[in-house]
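Coordinate analysis (summary)
Okay, here's what each chain looks like letter by letter:
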Amino acid sequence: MWRLLLSALALSLACRAQAAEQTVDLATGEWPPYVSQQLPEQGVFTEIVREAFRRAGYQARMSFQSWPQTELLTKSGKAAAAFPYRPTPEREKDFDFSVPLMHSTSYLFYHKPHLPNPPQQFQSLDELRSYRIAIQLGYWYLPLFQRHRLNTLMTSDETNALRQLYLGHLDLVPMVLERGLYQIHHVFPGREKEFGYISTPLDKETALALMFSRSYPQAERIREDFGRALAQMEKDGSLKAIYQRHFPEATPQR
């Protein structure tokens, strides 16, 4: 009898330990229309990440933080990964990256009444030194802009940056296209046509991926499992289906 009880207890503890091993901690932040606690399924990226981890045999436990905090949690090993992040030389010194969730292209948004002649054609960021450009902590372009010695103004977030743009305190605000259009529509409804955007020559279809910790337990195995599951989702069409549910008129670039 006692042997049966001990065996059942050992099995129960083993199952609990296995379940705990299958939980993966992830960090992300507010970045609508891609990631947000206020969106259906918490945004397209969150749904893709959850489904990929589910297929890989993990339960994803999300933590919404500020972007600098997501990076800190990941670097310290308190989160297995943060998303969505762009691989950059600076980040690749401390983190490993998954295969891309998808690709995106950044644009420079401007307010037409304050900048009637925007820099439509330029080959280098050096040509933008005469413009006042918004930056935010934790964003991929911060070290790039610093290397080119651009005239930057730190803003608390992209909403604040757009308001400063509208008031004429800034000339350019870098944002991913869908993100910029979404923000303008919500911050300045009815005034969308007052804003324009131009492409940047140094950022064409940049990868957005999971940025993995090198300190989190079994992070390399988790990253590989995630990559295989994401490849399966792309192969069976479920990746495209999730994206199109969130953006019916868009097609993901892979």
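Preceding block: the structure.
Conventions adopted
Residues numbered from 1 in each chain as written. Predicted model: local features only at pLDDT ≥ 70, side-chain atom pairs only at ≥ 80, totals over all residues. Heavy atoms only, no water. Helix = DSSP H or I, 4+ residues; strand = E, 2+ residues; numbered from the N terminus. Contact = heavy atoms within 4.5 Å. Buried < 20%, exposed > 50% of the residue type's maximum accessible area, 1.4 Å probe, protein only. 1 Å grid on protein atoms, 1.4 Å probe; cavity = no way out; pocket = protein on both sides within 12 Å on 5 of 7 lines; lining within 4 Å. Points joined across faces, edges and corners; volume = space filled by probe spheres on them. Nonpolar A, V, L, I, M, F, W, Y, C, P; charged D, E, K, R; others polar. Phe/Tyr/Trp six-rings, centres within 6.5 Å; stacked < 30°, edge-to-face > 60°. Salt bridge = Lys/Arg side-chain N within 4 Å of Asp/Glu carboxyl O. Core = buried A, V, L, I, M, F, W, Y, C linked by side-chain atoms within 4.5 Å. Pairing = 2+ DSSP bridges. Axes fitted to C-alpha atoms, helices over the stretch in contact; angles between N-to-C directions. Parallel < 35°, antiparallel > 145°, perpendicular 65-115°, else oblique. Arc of directions from axis to C-beta.

**Let's talk about the environment of Met 62**
- Topologically, Met 62 is positioned in strand E2 (residues 59-64).
- Met 62 sits 17 residues away from Ala 79 along the chain, and the two C-alpha atoms are 9.2 Å apart.
- Beyond its immediate sequence surroundings of up to four residues, Met 62 is in contact with Leu 26, Gln 42, Thr 46, Val 49, Arg 50 and Phe 83.

**Focus on the side chain of Gln 164**
- Tracing the backbone through its elements, the reader meets Gln 164 in helix H5 (residues 158-166).
- Residue classification places Gln 164 among the buried positions, given a relative accessible area of 18%.
- Once you skip the residues sitting within four places of it in the chain, Gln 164 turns out to touch His 169 and Leu 170.

**A few points about empty space enclosed by the protein**
- What the rule picks out here adds up to 2 cavities of 30 Å³ or more.
- A volume near 230 Å³ is recorded for the largest cavity.
- When contributions to the lining of the largest cavity are tallied by element, the ones reaching two or more residues are strand E3 (81-85) and strand E9 (173-176).
- The element that contributes the greatest number of residues to the lining of the largest cavity is E9, accounting for 3 residues.
- Among the residues making up the lining of the largest cavity, the classes are represented as 11 nonpolar, 2 polar and 3 charged.

**Concerning the packing of aromatic side chains**
- Enumeration according to the criterion identifies 12 aromatic pairs in this entry.
- With a centroid separation of 5.9 Å and 85° between ring planes, the pair formed by Phe 53 and Tyr 58 is classed as edge-to-face.
- The class for Tyr 58 is buried, based on a relative accessible area of 5%.
- Considering the side-chain rings of Phe 109 and Tyr 197, the 5.4 Å spacing of their centres and the 45° angle between planes classify their relative orientation as tilted. Of this pair, Phe 109 sits in strand E6 (residues 106-111) while Tyr 197 sits in strand E10 (residues 195-199); the two residues are 88 residues apart in sequence, bridging distant segments of the chain.
- For Phe 109, a relative accessible area of 0% translates into the label buried.

**Looking at the pattern of salt bridges**
- Following the criterion strictly, the structure yields 13 salt bridges and no others.
- As a salt-bridge pair, Arg 54 and Glu 51 come within 2.7 Å of each other at their nearest N and O atoms. Taken together, the positions of Arg 54 and Glu 51, both in helix H2 (residues 44-56) and 3 residues apart, correspond to about one turn of that helix.

**What to know about the nonpolar core**
- Membership of the largest hydrophobic core comes to 63 residues, with the highest contact counts inside it found for Phe 45 and Phe 53.
- In contact with Phe 53, other than residues within four places in its own chain, are Val 24, Leu 26, Tyr 58, Ala 60, Leu 210, Phe 212, Ile 222 and Phe 226.
- Tyr 107, Leu 162, Phe 188 and Phe 195 belong to the second-largest nonpolar core, a separate cluster that totals 13 residues.

**Digging into the sheet that holds E9**
- Taken in spatial order, the 3 strands line up as E9-E6-E10 in an open sheet, and their pairing is antiparallel. A single partner strand is all that each edge strand has here, and the edge strands are E9 and E10. Neighbouring strand axes in the sheet, compared pairwise and without regard to direction, differ in orientation by 40° on average.
- Contacting E6, E9 and E10, H5 crosses the sheet at an angle of about 135° to E9.
- Packing of helix H6 (residues 177-187) onto the sheet brings it into contact with E6, E9 and E10, and relative to E9 it is tilted by some 110°.

**As for the packing of H2 against helix H7 (residues 219-236)**
- Relative to each other, H2 and H7 sit at 110°, their axes nearing to 8 Å. Between H2 and H7, the interaxial angle falls into the category roughly perpendicular. Here Ile 48, Val 49, Glu 51, Ala 52, Phe 53, Arg 55 and Ala 56 of H2 lie close against H7, whose contacting residues are Ile 222, Asp 225, Phe 226, Ala 229, Leu 230, Gln 232, Met 233 and Asp 236.
- Across the contact of H2 with H7, the residue classes break down as 10 nonpolar, 1 polar and 4 charged.

**Here's the deal with H6**
- Among the residues making up H6, those that are buried are Arg 179, Gly 180, Gln 183, Ile 184 and Val 187. Buried residues of H6, viewed axially, fall in a sector of 125°; they line one side.
- In this structure, the buried side of H6 is in contact with E6, H5, E9 and E10.

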